[in-house]
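# Results of the structural survey
Each chain, letter by letter, is given below.
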Amino acid sequence: MPEPTREQIGRNDPCHCGSGRKYKQCHLAKDEEAERTARAKEADQSGEAAPGEAAQVSAPPPAKHKTRQPWKGQQNTRGFGKLNIPRRSGGS
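Here we summarise the structure given alongside this text. None of the values given here were measured: they were computed from a predicted structure.

## What about the overall build of the protein?
Each helix and strand in the protein was counted, giving 3 helices and 0 strands. What you see in the protein, going N to C, is helices and strands ordered as α-α-α. Burial statistics for the protein: of 92 residues in total, 8% are counted as buried. For the protein, the share of sequence-separated contacts (at least 6 apart) that also reach a separation of at least 24 residues comes to 8%. Of the roughly 9100 Å² that the protein leaves accessible, carbon and sulfur atoms contribute 51%.

Listed below in structure tokens is the structure:
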């Protein structure tokens, strides 16, 4: 009986090795690693860069605007919503 391909096996199906465990807990990581190395070997033989490498050498994100926005009120840079405003004194 030929071994089923990865596309035919679902993550929650029993593993093809007969261990009785789910495929995702048994052989999924090993099969994905084997496919990853096969793709890398093909890319090295063809002389092209892997698709993931081109994405790593992308431009940095654009700088944020440094516009003062007075309608937002006093800004807190330390978090937790605390502002350095004195408490009101007096009775209730």
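Still to come is the rest of the account.
## A word on the environment of serine 46
Inspection of the secondary structure assignment puts serine 46 in helix 2 (residues 28–46). Within the structure, serine 46 has its side chain in polar contact with the backbone oxygen of alanine 43 (distance 3.2 Å).

## With respect to the state of the cysteines
Per the stated rule, a full pass over the model turns up 0 disulfides. Free cysteine cysteine 17: the closest other cysteine sulfur is in cysteine 15, separated by 3.6 Å. A relative accessible area of 41% places cysteine 17 in the partly exposed class.

## A closer look at helix 2
Taking 1.5 Å per residue as the helical rise, helix 2 with its 19 residues ought to reach 27 Å, and the 27 Å between its terminal C-alpha atoms agrees with that figure. After helix 2 finishes, the residue glycine 47 shows a positive phi value of roughly 85°.

## Observations concerning the side chain of histidine 27
Among the secondary structure elements, histidine 27 is positioned in the loop between helix 1 (23–26) and helix 2. Excluding its chain neighbours within four sequence positions, the residues that come into contact with histidine 27 are Cys15, His16 and Cys17.

## Things to note about the pattern of salt bridges
Throughout the structure, instances matching the rule amount to 1 salt bridge. For glutamate 33, the salt bridge goes to arginine 36, with nearest N and O atoms at 2.5 Å. Linking glutamate 33 with arginine 36, this pair stays in helix 2, spanning 3 residues, or about one helical turn. On the basis of relative accessibility, which here comes to 39%, the residue glutamate 33 falls in the partly exposed class.

Definitions and limits used
- Residues numbered from 1 in each chain as written.
- Predicted model: local features only at pLDDT ≥ 70, side-chain atom pairs only at ≥ 80, totals over all residues.
- Heavy atoms only, no water.
- Helix = DSSP H or I, 4+ residues; strand = E, 2+ residues; numbered from the N terminus.
- Buried < 20%, exposed > 50% of the residue type's maximum accessible area, 1.4 Å probe, protein only.
- Contact = heavy atoms within 4.5 Å.
- Areas by Shrake-Rupley, 256 points an atom, 1.4 Å probe, with all protein chains shown as cover.
- Polar contact = N/O pair within 3.5 Å; in protein donor to acceptor, adjacent residues only side chain to side chain.
- Disulfide = S-S within 2.5 Å.
- Expected span 1.5 Å × (residues − 1).
- Salt bridge = Lys/Arg side-chain N within 4 Å of Asp/Glu carboxyl O.

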